[in-house]
Amino acid sequence: MLLRRAYRPLGRSFARTCFMRHSTVASQEPADSDTVSSAINALSKPVHVQLPKKNPFMKSMFLGTVDTELLSFPESLNREEQARLTKQKDDLERALGAGNKEPASAGSGLYGLQGPLEHGGNRFIETELAYVNELLADNRSKAMVTLEHNAIVKLIAQYGSDAAKDLYLSKLCSGETIAASALYEVDSSRQTMFSTVATLDFTNGSWTLNGSKVFLQNEETVPGLLLVIASTKSLEKRSKEDGTFAAFLVDTNAPGVQITHSNLGTRGLARVTVQFNHVEVPETHLVGKETEGAAVLSKYLSSVRIQSSVVRVALLKKVLNSLTEFCINSKTSTGDMMDIEIVREQLARMASIIYASESLIYMTASLMDDFDNQDVEMEAAMTKAFSTGSLLNLSMLPLRLLGPQALSKECAFEELFNDALKMFIGDESVDSINLFIALTGLQYAGMHTYETIKKDRNPAMNPSYVLSKLFEKTSIENPKKFANLQQYFHPSLEPAAHWIELSVVRLKLATECILSRHGVDVIDRHVELARLANVATQLYAMVASASRASRAYCIGLRHAAQDVHLANMFCRENSEKIRLLALELEKGPYITSDDDYSVIARNLFREKRYYFEHPITKNF
């Protein structure tokens, strides 16, 4: 909810996204790749090569278009880059594991992963950062701190002024200063995008901040620098050229900054409230230009959404591994627990979701890495929505299968469930992410199908178009294949390719249906928007899973046959989910229960309580 109001003006910038093929120049192996030098000098690390950007991938699917060059799973790192990364990860792992304590060298290494080389950083791309973030999976609150910190370091290196870079980057990369984001708010404003407002003093060029922000933080780590998003202009005065908010770097020790903590559960996680009372911010602490707030926020959210998904997937792996071990070593009155059919089904389903989440993370990260100035807001949002949406249900699986036994001291399931709950409520809500996904896709589709939608909404003025629609051979119930996508996957994945192609057609038809029915008023149809976002997210997960399984089988990875089996299963099940969601969108709010929900909710608000009479009440 807190960032939902930012989506409308951000839409214009979201329409500029584009995608490219994954087999980039950087991923091609050098001539001497078989003899990679063991002495890797980080200071001489070459820049990761990027290709020009291309039309968007998932946004294009709202139009029924598939960029087949992107169906091959990415290999962003060549052998030299992968050798360097493996060595750095091994060094960090040894430092973190020494005496079960984090040495200073390990801490500084973690805080400078995405910093520039000249300031002591490692200049990691998103794929490298995701791989290293897996090291911190057991300390989830610590991982969230470092991934936010690294995303801010990357933003300063890209958008910060020279003065800000000289002042902060070396301290941030060494871990001397910790950075955190202050984006979210409890209160909203009708006049400005955010209730935190920055006012420019034209005499000295400085900004004055007033307002408050909230964020989650590990109590052991005290941030010294905040990335703050604040409104700079009222909504009524916005224009296409001007932004309505900007990003600022705020020193937590500056006059007027007041920080208060309130514990959230256990293990050191705290909700932090920051009050800004006439805080003066120099012009040099503006991240990017005054009009680039949307671009800065977009870059930051994309990175954090991907990297936080790494932590969620690692938690899910731990739940699955613990539950698998428990089932192997437990017996029931009828035999071994691992032989029970319902247990096998649930564990296999959980493995498929983890597999899909992993695939989404590295596919999206590679899109950011391999293409110049790539806009992947939608794909990053889908990655987070998919991993977060499954987190709570899957972490409750031990409770469903084992009952009260899962809460015993001998098992670690209760602790894992508590961690999953914190990760679930950490920052943005899944509903707000889904709203963003759907509106972004509809905006892109609407710009490209404006004439078609106009005819759909005015059938009396376009009789010939209406007649042609009546004789169309494709529908949501019986979609017609259009691209023979099976030729872009290994032949063993032909079933997955079939389900993906049908789902692309259903997404296109559902998009046209919802735009034709509501037009610009679709922004208020939240239930239908949520369905459309789920369709698109499930489709992206299907593509990523099938693409990864195809690559695994083609290059002969261990267990590749199981990859193929899992991907075919996952695509078949999710294709059916997409079919049902698309049919509900086609039926509309009056044939489904959407209108009934609205009526009941309005009565709840009117009565201010659960208003139904008791079951044994008599009317005489």
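See the structure above.
Because the structure is a prediction, the values reported are computed rather than measured.

## Observations regarding the overall build of the protein
Across its full length, the protein holds 19 helices and 10 strands. Expressed as a percentage of the 620 residues in the protein, the buried residues total 52%. Sequence-distant contacts, at least 24 apart, represent 77% of the contacts inside the protein between residues at least 6 apart. A total of about 29200 Å² of accessible surface is found on the protein, and carbon and sulfur atoms cover 52% of it.

## Some remarks on the packing of helix 9 (residues 341–370) against helix 17 (residues 526–555)
Look at helix 9 against helix 17: their axes get within 8 Å of each other, and the N-to-C directions meet at 90 degrees. Classed by the angle they form, the pair helix 9 and helix 17 counts as roughly perpendicular. Here Tyr 355, Ala 356, Glu 358, Ser 359, Leu 360, Met 363, Thr 364 and Leu 367 of helix 9 lie close against helix 17, whose contacting residues are Tyr 540, Ala 541, Val 543, Ala 544, Ser 545, Arg 548 and Ala 549. Broken down by class, the residue content of the contact of helix 9 with helix 17 amounts to 10 nonpolar, 3 polar and 2 charged.

## Observations regarding the environment of Ile 578
Within the element layout of this structure, Ile 578 appears in helix 18 (residues 560–587). Residue classification places Ile 578 among the buried residues on the basis of a relative accessible area of 0%. Expressed as a C-alpha distance, the spacing of Ile 578 and Gln 538, which sit 40 residues apart in the sequence, is 7.3 Å. When sequence neighbours within four positions are dropped, the list of residues in contact with Ile 578 reads Ser 503, Arg 506, Val 535, Gln 538, Leu 539 and Met 542.

## Re the pairing of strand 1 (residues 179–182)
Of the two faces of strand 1, the one holding Ala 179 and Ser 181 and the one holding Ala 180 and Ala 182 are both buried throughout. Relative to strand 4 (residues 225–231), strand 1 is paired through 4 bridges, and the arrangement is parallel. Paired with Ala 182 across the strands is Val 228, a residue of strand 4.

## A word on the side chain of Thr 252
Mapped onto the elements of the fold, Thr 252 is located in the loop between strand 5 (245–251) and strand 6 (257–263). At a separation of 3.1 Å, a polar atom in the side chain of Thr 252 contacts the main-chain carbonyl oxygen of Pro 223. Contacts of Thr 252, omitting those with residues within four sequence positions, involve Pro 223, Gly 224, Leu 225, Leu 226, Val 257 and Ile 259.

## As for the pairing of strand 4
Burial analysis of strand 4 places 7 of its 7 residues in the buried class, which makes it a mostly covered element. Of the two faces of strand 4, the one carrying Leu 225, Leu 227, Ile 229 and Ser 231 and the one carrying Leu 226, Val 228 and Ala 230 are both buried. Pairing geometry for strand 4 and strand 5, over 7 bridges, is antiparallel. Pairing of Leu 227 across the sheet is with Leu 249, part of strand 5.

## Observations regarding the nonpolar core
Among the nonpolar cores identified, the biggest contains 145 residues, and Phe 57, Met 61, Tyr 300, Ile 437, Ile 500 and Leu 539 are the most heavily contacted of them. It is helix 8 (residues 293–328) that provides the largest number of residues to this core, a total of 16 residues. Those residues within four positions of Met 61 in sequence are excluded, and the remaining contacts are Val 66, Val 504, Leu 507, Lys 508, Leu 539 and Val 543. Of all hydrophobic cores here, the second largest spans 20 residues; its members include Ala 182, Phe 215, Ala 230 and Val 250.

## What to know about helix 3 (residues 79–97)
Structurally, the α-helix is built with 3.6 residues per turn, so residues lying three or four positions apart point the same way. An ideal rise of 1.5 Å per residue puts 27 Å on 19 residues; helix 3 measures up with 26 Å between its terminal C-alpha atoms. Those residues of helix 3 lying buried are Glu 81, Arg 84, Leu 85, Gln 88, Lys 89, Leu 92, Ala 95 and Leu 96. Along the long axis of helix 3, the arc covered by the buried residues comes to 130 degrees, so they all point the same way. For helix 3, the N-terminal cap is Asn 78; the gap from its side-chain oxygen to the backbone nitrogen of Glu 80 is 3.1 Å.

## With respect to the packing of aromatic side chains
How two aromatic rings sit relative to each other is set out by the distance from centre to centre and by the angle between their planes. Tallying each qualifying case throughout the model produces 7 aromatic pairs. On the numbers, 5.4 Å between centres and 80 degrees between planes, the contact of Phe 194 with Phe 245 is edge-to-face. Placement of the pair is Phe 194 in the loop between strand 1 and strand 2 (197–200) and Phe 245 in strand 5, with a sequence separation of 51 residues. Accessibility classification places Phe 194 together with Phe 245 in one group, the buried group. We note Lys 89 situated over the ring of Tyr 131; from NZ or CZ to the ring centre the distance is 3.7 Å.

## Details of the environment of Asp 339
Here Asp 339 lies in the loop between strand 10 (335–336) and helix 9. Placed 11 residues apart in sequence, Asp 339 and Ile 328 show a C-alpha to C-alpha distance of 9.0 Å.

## Some words on the pattern of salt bridges
Per the stated rule, a full pass over the model turns up 25 salt bridges. The shortest N-O distance in the salt bridge between Glu 345 and Arg 349 comes to 2.7 Å. With Glu 345 and Arg 349 both in helix 9 and 4 residues apart, the pair spans about one turn of that helix. For Glu 345, a relative accessible area of 35% puts it in the partly exposed group. On the accessibility criterion, Arg 349 (29% relative accessible area) is partly exposed.

## Focus: helix 10 (residues 377–395)
Between the first and last C-alpha of helix 10 there are 27 Å, a value that for 19 residues agrees with the 27 Å anticipated at 1.5 Å per step. Most of helix 10 is tucked away, with 16 of its 19 residues classed as buried.

## Some details on the packing of helix 8 against helix 9
One can describe the packing of helix 8 onto helix 9 by two numbers: an axis separation of 10 Å at closest approach and a directional angle of 155 degrees. Judged by the inter-axis angle, helix 8 sits roughly antiparallel to helix 9. Our pair here, helix 8 against helix 9, has a crossing hand that is left-handed. Along the lines of polarity and charge, the residues of the contact of helix 8 with helix 9 split into 16 nonpolar, 6 polar and 2 charged.

## Points about the side chain of Arg 312
Along the chain, Arg 312 falls in helix 8. A distance of 3.2 Å separates the side chain of Arg 312 from the side chain of Thr 388, its partner in a polar contact.

Scoring rules and cut-offs
Residues numbered from 1 in each chain as written. Predicted model: local features only at pLDDT ≥ 70, side-chain atom pairs only at ≥ 80, totals over all residues. Heavy atoms only, no water. Helix = DSSP H or I, 4+ residues; strand = E, 2+ residues; numbered from the N terminus. Buried < 20%, exposed > 50% of the residue type's maximum accessible area, 1.4 Å probe, protein only. Contact = heavy atoms within 4.5 Å. Areas by Shrake-Rupley, 256 points an atom, 1.4 Å probe, with all protein chains shown as cover. Axes fitted to C-alpha atoms, helices over the stretch in contact; angles between N-to-C directions. Parallel < 35°, antiparallel > 145°, perpendicular 65-115°, else oblique. Nonpolar A, V, L, I, M, F, W, Y, C, P; charged D, E, K, R; others polar. Pairing = 2+ DSSP bridges. Polar contact = N/O pair within 3.5 Å; in protein donor to acceptor, adjacent residues only side chain to side chain. Core = buried A, V, L, I, M, F, W, Y, C linked by side-chain atoms within 4.5 Å. Expected span 1.5 Å × (residues − 1). Arc of directions from axis to C-beta. Phe/Tyr/Trp six-rings, centres within 6.5 Å; stacked < 30°, edge-to-face > 60°. Lys NZ or Arg CZ within 6 Å of the ring centre and 35° of its normal. Salt bridge = Lys/Arg side-chain N within 4 Å of Asp/Glu carboxyl O. Left-handed = near helix turned anticlockwise from the far one by under 90°.

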